[in-house]
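Observations on the three-dimensional arrangement
This is what each chain is made of:
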Amino acid sequence: MTTSNDLALLTVEKLFSENSHYVIPIYQRNYAWGAAEIEQLIQDIADGIQDFEKTGEQKEAKYYLGSLVVYIRDGADSPHKDAIVYETIDGQQRHTTLSILLAYLKTVVHGSEQVLSHLHLNLDFDSRPKSARTLQNLFQQAQNSDPEEPSIRAAFTLIERYFKIHNIDTSDFCQYLLKHVTILRVPVPKDTDLNHYFEIMNNRGEQLEKHEVLKAHLMSVYSGDTASRNSFSAIWDACADMGRYAQLGFNPEARKVLFGEKWSGFPTDFVEIKCVTETHHSTDEKPTLRNIIGTRRFHDTDNDDEKVREQRFDSIIDFSNFLLHVLKVTVGDNVSLDDKKLLQAFEIIKNDREKITQFVFDLLKFRILFDRYVIKRDKANDQEWSLQKLECYEHNNNSNFGYKNSFGKDGETSLTKRLAMILSMFHVSHPAYVYKRWLNRSLVILNGLASNELDINGTAYLEALEKLSSEFLSEICGEKEQFNTDPLHRGTGVQNYVFNLLDYRLWRDLTAGQSFDGKGANHPDIKKHFEDFQFSPSRTSVEHYFPQTDPAGVNKMGNDVHRFGNLCLISPSSNSRLSNYSPADKKKFYAETERAESLKQAIMMSYEEWGPEGQGIKNIENHEKAMLILLKGD
């Protein structure tokens, strides 16, 4: 018989229905999941439903969500006298998100009183009444004027929008979530020092990852060929650290031979790399997984300043997903970009030495293309988007390195800036690591444009990306000749991509000197927002500039409130804070904070009147007309 002290693999139904209560202690951070994590979770579960339908219920297909590490509290002082009280040490983000997800499903699943009635909200917070109150309001579908936790309310809105936009069957989703999504509850011993344990949990040593298991499998084809093994390992290790440029993963001698004096060249084939690396790198003939973990990096420097310069950037993707992108581009277009299926995906080249050798050479090629021509977050410049290439130069007779714009000479930023803008537009519209279709298409474009030295024509690259952006829009609204505006007049159901694409085109055309309703880049209400504008992954919430309901609860615009002219994209926290403000009050708020969150919003706020009648509705119509013309490309 399972006791409260045992490991327990719980379905979501059991997690929320059994006689237990969970408390988030005060030492835990606030709820912090955003669009990337929440959308990833929903899509993973939706994918699990498809796998379940393929395998059949008799095989009891499960989706494992992870672990919930808990400490059993003394319940003497607890208000939940009949429940076992667990203090959550690890897993609060997942548990909180599941609670919000169930709250949403209660509002939409037909017959939810039967399906979900036996579930209860069993999550609470020490010293965070706003968080507890917000969850209760969501779960009970209650209205409460007391302050709420914006991040939790925003997560509910994200979930609601994602289900609407992707047309997910909520009934099937709910059944699968309750019966087949599982989480492992792991109780720690009674005498555990919780402060020490929490510190350990948040400072874990490096753990074995799937791509390291994959490396061991693929390297097995080089049994007896130490030189090829060394070359494979050198390339893999150099590419695996997505936080620094791949050339820096090779030692200085190999780096100069492989990439040239300025590190701007590229080797011709795997044989050339093998000739270089066999004299500068060694691996065990039959490496264990422990050996692979212990030698993850081919080159480490003891110079702290150089380490800071090497690891200056944050990648928009991790290595497991990058491996799948390269496999999809080079081997098979039907390869899934879901990293849960990483090992399964590589069955397509398993035990084929020739294909594995070609793949690892292609891996280095695409990693160099990625480093040079795909955006990163620049930690040295306030997390701005960066599109720079690595270059070696001589300084006081010593080799040094730095970063320069990928296109144009120093100071000539226009093409580099435009490319950084459109790439960041794609990225913030699809923030989750998996399902980055735009990135895969971009790698295909780069491969087609690349010379032997991996130089590309930046103008051709930009033209191809703009064409791709129009293709993605046509999937939503149809081709230009039959452009359908209906998907744009759906309030919070409008896809983020549409707003981000519009902001990119506004930025592009304002830069070129165009104006909208007589307002150009130098207009006082637009200039400061235009000059500082960049795409932010935090803007994920659709705002009705004229509110759906005023503070008295009245909807003055009817269905017109959901029309595209009245909508813009802002952060969830701002939307939660300003949802019922009038346009004048919203404009005042943003004027005081000296910011606007999007260029469309800045243009909307430049109008003196905005509302359901008179000049206000004319302004909405005029603004909408101008924005639709820009989207259509007329």
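Quick summary incoming for the structure in this document. Predicted model only: the values in this text are computed from it and were never measured.

We now examine the overall build of the protein chain. A count of helical and extended segments in the protein chain gives 26 helices and 13 strands. When the 634 residues of the protein chain are sorted by exposure, 54% land in the buried category. Pairs at least 24 residues apart make up 73% of the contacts formed inside the protein chain by residues separated by at least 6 positions. Of the roughly 28,900 Å² of accessible surface on the protein chain, a fraction of 45% belongs to carbon and sulfur atoms.

If you check helix α21 (residues 496–511), its first and last C-alpha atoms are 23 Å apart, about what 16 residues at 1.5 Å a residue would give, namely 22 Å. Gly513 lies just past α21 and shows a positive phi near 95°.

All right, on to the packing of aromatic side chains then. Within this structure, the stated rule accounts for 26 aromatic pairs. A ring pair is formed by Trp236 and Phe319, whose centres lie 5.5 Å apart and whose planes are at 90°; its orientation type is edge-to-face. One end of the pair, Trp236, is in helix α10 (residues 226–240); the other, Phe319, is in helix α15 (residues 319–330), with 83 residues separating them in the sequence. Across the pair, exposure class does not vary: Trp236 and Phe319 are buried alike. Counting every residue linked through ring pairs, the aromatic cluster contains Tyr245, Trp263, Phe313, Phe401 and Tyr403. Positioned over the ring face of Trp263 is Arg255, at 4.8 Å from the centre of the ring. The ring of Phe564 is capped by Lys600, whose NZ or CZ atom sits 5.0 Å from the centre of that ring.

A word on the sheet that holds strand β4 (residues 84–90). One open sheet holds the 6 strands; their spatial order is β1-β6-β3-β4-β2-β5, and the pairing between them is mixed. Edge positions in the sheet fall to β1 (8–11) and β5 (123–125), since each of these pairs with one other strand and no more. Put simply, the sheet's adjacent strands are angled 40° from each other on average, direction ignored. Here strand β3 (residues 63–72) runs beside β4; their pairing, made up of 4 bridges, is antiparallel. Counterpart to Val69 in the pairing with β4 is Asp90.

Turning next to the pattern of salt bridges. Scanning all chains against the criterion turns up 28 salt bridges. In this structure, Lys256 and Glu261 form a salt bridge, with 3.9 Å as the shortest nitrogen-oxygen distance. Glu347 is the partner of Lys350 in a salt bridge, and the nearest nitrogen-oxygen pair spans 3.8 Å.

Applying the stated rule across the entire model yields 1 cavity of 30 Å³ or more. Taken together, Ala154, Thr157, Leu158, Arg161, Thr540, Ser541 and Pro572 form the lining of the largest cavity. In terms of residues, the lining of the largest cavity owes the most to one element, helix α6 (residues 150–166), which gives 4 residues. Along the lines of polarity and charge, the residues of the lining of the largest cavity split into 3 nonpolar, 3 polar and 1 charged.

This brings us to the packing of helix α20 (residues 458–477) against α21. Where α20 contacts α21, the two axes come as close as 11 Å, and the packing angle between them is 140°. Judged by the sense of rotation from one axis to the other, the crossing of α20 with α21 is left-handed. Touching Leu462, Glu466, Ser469, Ser470, Phe472, Leu473 and Ile476 of α20 are Tyr497, Val498, Leu501, Tyr504, Arg505 and Arg508, all from α21. Class assignment of the residues belonging to the contact of α20 with α21 gives a composition of 8 nonpolar, 2 polar and 3 charged.

If you look at the biggest cluster of nonpolar residues, it comprises 128 residues, and the most contacted ones within it are Phe346, Leu363, Leu364 and Tyr461. Among the elements that line this core, the one with the most residues is helix α17 (residues 353–373), at 11 residues. Residues within four places of Leu364 in sequence aside, it is in contact with Ile235, Cys239, Ala246, Phe250, Phe259, Phe266 and Ile273. With 55 residues, the next largest nonpolar core counts Ala35, Val115, Leu138 and Tyr162 among its residues.

Now for the environment of Cys239. Locating Cys239 in the fold gives a position in helix α10. Accessibility expressed as a relative area gives 0% for Cys239, which makes it buried. Note: C-alpha distance between Cys239 and Gly249 (10 residues apart in sequence) is 7.3 Å. Other than its neighbours up to four places away in sequence, Cys239 contacts Phe319, Leu363, Leu364 and Arg367.

The rules behind each value
Here the residue numbering is sequential within each chain, running from 1 through the sequence in written order. It should be noted that, the model being predicted, local features are given only for residues of pLDDT at least 70 and side-chain atom pairs only at 80 or more, the latter also being counted only at that level, while totals for whole chains, interfaces and linings use all residues. Side-chain metrics in this entry use all non-hydrogen atoms of the structure; hydrogen atoms and water are not considered. We count a stretch as a helix when DSSP gives it H or I for four or more residues in a row; a strand needs E for two or more, and each element gets its number in order from the N terminus. Burial here depends on accessible area, computed with a 1.4 Å probe over protein chains only, as a share of the maximum for the residue type. Under 20% is buried, over 50% is exposed, and the range in between is partly exposed. Contacts between residues were defined by any pair of non-hydrogen atoms, one from each residue, lying within 4.5 Å. Values of accessible area rely on a 1.4 Å probe in the Shrake-Rupley scheme; residue burial ignores everything except the protein chains shown. Multiplying one less than the number of residues by 1.5 Å gives the expected span of a helix. Note on ring pairs: Phe, Tyr and Trp rings are taken, using the six-membered ring of Trp, and paired if centres are within 6.5 Å. Classes follow the plane angle, with under 30 degrees stacked, over 60 edge-to-face and the rest tilted. Two conditions define a charge located above a ring, namely a distance within 6 Å from the ring centre to NZ of Lys or CZ of Arg, and an angle within 35 degrees of the ring normal. Between any two strands, pairing holds if DSSP finds at least two bridges. Lines are fitted to the C-alpha atoms to define the axes, a helix being fitted only along its stretch in contact, and any angle between axes, read from their N-to-C directions, falls within 0 to 180 degrees. The salt bridge criterion pairs a side-chain nitrogen of Lys or Arg with a carboxyl oxygen of Asp or Glu, the two atoms within 4 Å. A cavity here means a set of 1 Å grid points, computed over protein atoms only, where a 1.4 Å probe fits but cannot escape. A pocket is an open set with protein on both sides within 12 Å along at least 5 of 7 lines, and lining residues have an atom within 4 Å of a point. Grid points are joined across faces, edges and corners, and a volume is the space filled by probe spheres set on the points. Basically, the charged four are Asp, Glu, Lys and Arg, the nonpolar ten are Ala, Val, Leu, Ile, Met, Phe, Trp, Tyr, Cys and Pro, and anything else, Gly included, counts as polar. Left-handed describes a crossing in which the near helix is turned anticlockwise from the far one by less than a right angle; the clockwise case is right-handed. As used here, the term nonpolar core means buried Ala, Val, Leu, Ile, Met, Phe, Trp, Tyr and Cys residues forming a set that is joined through side-chain atoms within 4.5 Å.

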